[in-house]
Amino acid sequence: MSKVNIGIVGSGFNGQIGFIENLYKNKKCKIKGLVEARPTLRKKVAKKYKIPNTYSSHLGLIQDIKKFDGIVIVTKRNMTGPISLEFLKLGKPVLTEKPMAGTYKQSLRLLNAAKKFKTLYKIGYNKIYDDGVCKAKLCFDKLLKNKSLGKIVLIKSHRLSGSGYDLKNKYIKTTEKNSLSKPSWEIRPDWLPLKLQKSYDKYLNLYCHNISLLRYFTKEMPKVESASLSDSTMSIVNLKYKKFNAILETGFFTKKGWDEKLEIYFEHGSMIINLPPQHHKNITADFTVNDIKKNKKHKYKSKKTWGFKNQTDSFIEDIIKKKIKINKGQEGSKDIKLIEEIWKNFLNK
């Protein structure tokens, strides 16, 4: 079988560490093209990963689109949406970093293009590809089916971000500035005051991961009961699902640290999932199931893999099988919609 030819748009830190490095290791694909506005960086990355075609703009890759079987887009957040739109119109499978756009309206525009041109469209929520999370989801589904712990009574998503970047990650850096700013879409819903744009952008970028995990486990769109948001203290959001409530707690450590959990409480026990920073390679989530009836706790560990690599491997399989298995564009759009509902509730107070 011939290899899947991939084109990459963007080779900054995340582009290299999360995507280019992992795609390069995949024997089923070849990185055939790289778009990077910074000439020295473009040259060095292309040389290291043996990328034969390079472009200063995504427009050059578009002209050569027949050479490619799929496109990966890891660029500035305000540019992700409009660049994605241009590639979605070409019918080639597209994987972009999260969030897929800055607003729900923009996400619908992207989904309409994917539907019209029958394009496979995947959003990069790498935490869902953590082997520990995948194992926890299978266990969670089993607990729901056999009802051994009873009904769900509460879910709590907790994240204190801190030093999430692994200093062991080595990537190519240059002194060049990334001055490319077009095409660009505003990362702000039209109803949001301009003074809150930076806060909204940060919340959307960081905590869409938590929203996506809630969706991944519950498969349900909740209602926002209340939202207290802050840049300086913990933000607390209360969500109402059909048969239980959920709490979303998010904030920052002032110094080094990382504390992220997804806690699912049942009538007769709990499942607690501990999530590592996503940029730490080969550190997977672990989880504990507490059965109150039997007075037993069982801690589950998974093999050491990396969510980013599992995600890029999955995209190649999606292209081969012509079907997106997890993290379709439609799901990413739901996440943005819920985040907008959170902010609307906060403003309406």
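These numbers come from a predicted model, not from an experiment.

Caption draft 1: Empty space enclosed by the protein, seen in detail. For the coordinates displayed, the defined rule picks out 1 cavity of 30 Å³ or more. Residue lining of the largest cavity: 13 residues in total, with Asn126, Lys127, Asp130, Pro276 and Gln278 positioned closest to the centre. The residue inventory of the lining of the largest cavity, partitioned by class, reads 7 nonpolar, 4 polar and 2 charged.

Caption draft 2: Seen up close, a positive patch on the surface. A cluster of basic residues, Lys3, Lys27, Lys30 and Lys50, forms a positive patch on the protein surface. With respect to the helices, strands and loops of the structure, Lys30 is situated in strand β2 (residues 29–35). Residue Lys30 is classed as partly exposed on the basis of its relative accessible area, which comes to 34%.

Caption draft 3: Expanded view of the sheet that holds strand β4 (residues 70–73). Spatially, β3-β2-β1-β4-β5-β6 is the arrangement adopted by the 6 strands of the open sheet, whose pairing is parallel. At either margin of the open sheet sits one strand with a lone partner, and together these are β3 (53–55) and β6 (121–124). The sheet shows a mean angle of 20 degrees between the axes of neighbouring strands, taken without regard to direction. In this sheet, β2 lies alongside strand β1 (residues 4–9) in parallel orientation, the contact comprising 6 bridges. Its bridge partner being in β2, Val4 is matched across the sheet by Cys29.

Caption draft 4: Main features of the pattern of salt bridges. Going through the model one piece at a time under the given rule, you end up with 19 salt bridges. Two residues, Asp190 and Lys105, come together in a salt bridge whose shortest N-O distance is 3.2 Å. Here Asp190 is found in the loop between β7 (152–161) and α7 (197–218), whereas its partner Lys105 is found in helix α5 (residues 104–116), with 85 residues between them in sequence. The pair Asp190 / Lys105 is uniform in exposure class, with both members exposed. When the shortest N-O distance is used, the salt bridge between Glu331 and Lys334 registers 3.7 Å. Placement of the pair is Glu331 and Lys334 together in helix α9 (residues 329–348), with a separation of 3 residues, close to one helical turn. Residue classification places Glu331 among the partly exposed positions, given a relative accessible area of 22%. Several salt bridges share partner residues, and in doing so they unite Arg215, Glu331, Lys334 and Asp335 into one network.

Caption draft 5: Just the pairing of β7, in detail. Among the 10 residues of β7, 7 are classified as buried, and the element is accordingly described as predominantly covered. Across 8 bridges, the pairing between β7 and strand β11 (residues 259–266) is antiparallel. Residue pairing for β11: Leu154 is matched across the bridge by Tyr265. Across 8 bridges, the pairing between β7 and strand β10 (residues 245–252) is parallel. When the bridges of β10 are listed, Leu154 appears paired with Asn245.

Caption draft 6: How the structure looks around the nonpolar core. Membership of the largest hydrophobic core comes to 71 residues, with the highest contact counts inside it found for Phe87, Met271 and Ile342. For this core, the leading source of residues is α7, giving 11 residues. Those residues within four positions of Ile342 in sequence are excluded, and the remaining contacts are Tyr203, Ile211, Val224, Ala227, Leu229, Val237 and Leu248. Counting 24 residues, the second largest nonpolar core, distinct from the first, contains Val4, Cys29, Leu95 and Ile172.

Caption draft 7: Looking closely at the pairing of β6. Burial along β6 is two-sided: Tyr121 and Ile123 facing one way and Lys122 and Gly124 facing the other are all buried. For strand β5 (residues 94–97) and β6, the ladder comprises 4 bridges, and the chain directions are parallel. Looking across to β6, one finds that Val94 is bridged to Tyr121. You can see the chain leave β5, run along α5 and come back into β6, and the turn it takes is right-handed.

Caption draft 8: Summary view of the side chain of Asn5. On the secondary structure map, Asn5 appears in strand β1. For Asn5, a relative accessible area of 16% corresponds to the buried category. Residues contacting Asn5, with those up to four places away along its chain left out, are Lys30, Lys32, Lys67, Phe68, Asp69 and Gly70.

Caption draft 9: How the structure looks around the layout of surface pockets. Space inside the largest pocket adds up to approximately 850 Å³. Along the wall of the largest pocket there are 42 residues; nearest its centre are Asn14, Val74, Thr75, Arg77 and Glu97. For the lining of the largest pocket, the secondary structure elements donating two or more residues are α1 (13–25), α4 (77–88), β7 and α7. The element best represented in the lining of the largest pocket is α4, accounting for 4 residues. Tallied by class, the residues present in the lining of the largest pocket amount to 16 nonpolar, 18 polar and 8 charged.

Caption draft 10: Spatial organisation of the packing of helix α6 (residues 131–146) against α7. Two elements in contact, α6 and α7, have axes separated by 10 Å at closest approach and are oriented at 35 degrees. On the side of α6, the interface is formed by Val133, Cys134, Ala136, Lys137 and Phe140, while α7 contributes Leu213, Tyr216 and Phe217. A class-by-class count of the residues in the contact of α6 with α7 yields 7 nonpolar, no polar and 1 charged.

Analysis parameters
- Residues numbered from 1 in each chain as written.
- Predicted model: local features only at pLDDT ≥ 70, side-chain atom pairs only at ≥ 80, totals over all residues.
- Heavy atoms only, no water.
- 1 Å grid on protein atoms, 1.4 Å probe; cavity = no way out; pocket = protein on both sides within 12 Å on 5 of 7 lines; lining within 4 Å.
- Points joined across faces, edges and corners; volume = space filled by probe spheres on them.
- Nonpolar A, V, L, I, M, F, W, Y, C, P; charged D, E, K, R; others polar.
- Patch = residues over 30% accessible without salt bridge, like charges linked within 9 Å, V, L, I, M, F, W, Y side chains within 5 Å.
- Areas by Shrake-Rupley, 256 points an atom, 1.4 Å probe, with all protein chains shown as cover.
- Salt bridge = Lys/Arg side-chain N within 4 Å of Asp/Glu carboxyl O.
- Lys, Arg positive; Asp, Glu negative; His and termini not counted.
- Charge placed at Lys NZ, Arg CZ, Asp CG, Glu CD.
- Helix = DSSP H or I, 4+ residues; strand = E, 2+ residues; numbered from the N terminus.
- Buried < 20%, exposed > 50% of the residue type's maximum accessible area, 1.4 Å probe, protein only.
- Pairing = 2+ DSSP bridges.
- Axes fitted to C-alpha atoms, helices over the stretch in contact; angles between N-to-C directions.
- Core = buried A, V, L, I, M, F, W, Y, C linked by side-chain atoms within 4.5 Å.
- Contact = heavy atoms within 4.5 Å.
- Right-handed = clockwise from strand over helix to strand, strands pointing away.

Remember, this is a structural readout, not a statement about activity or role.
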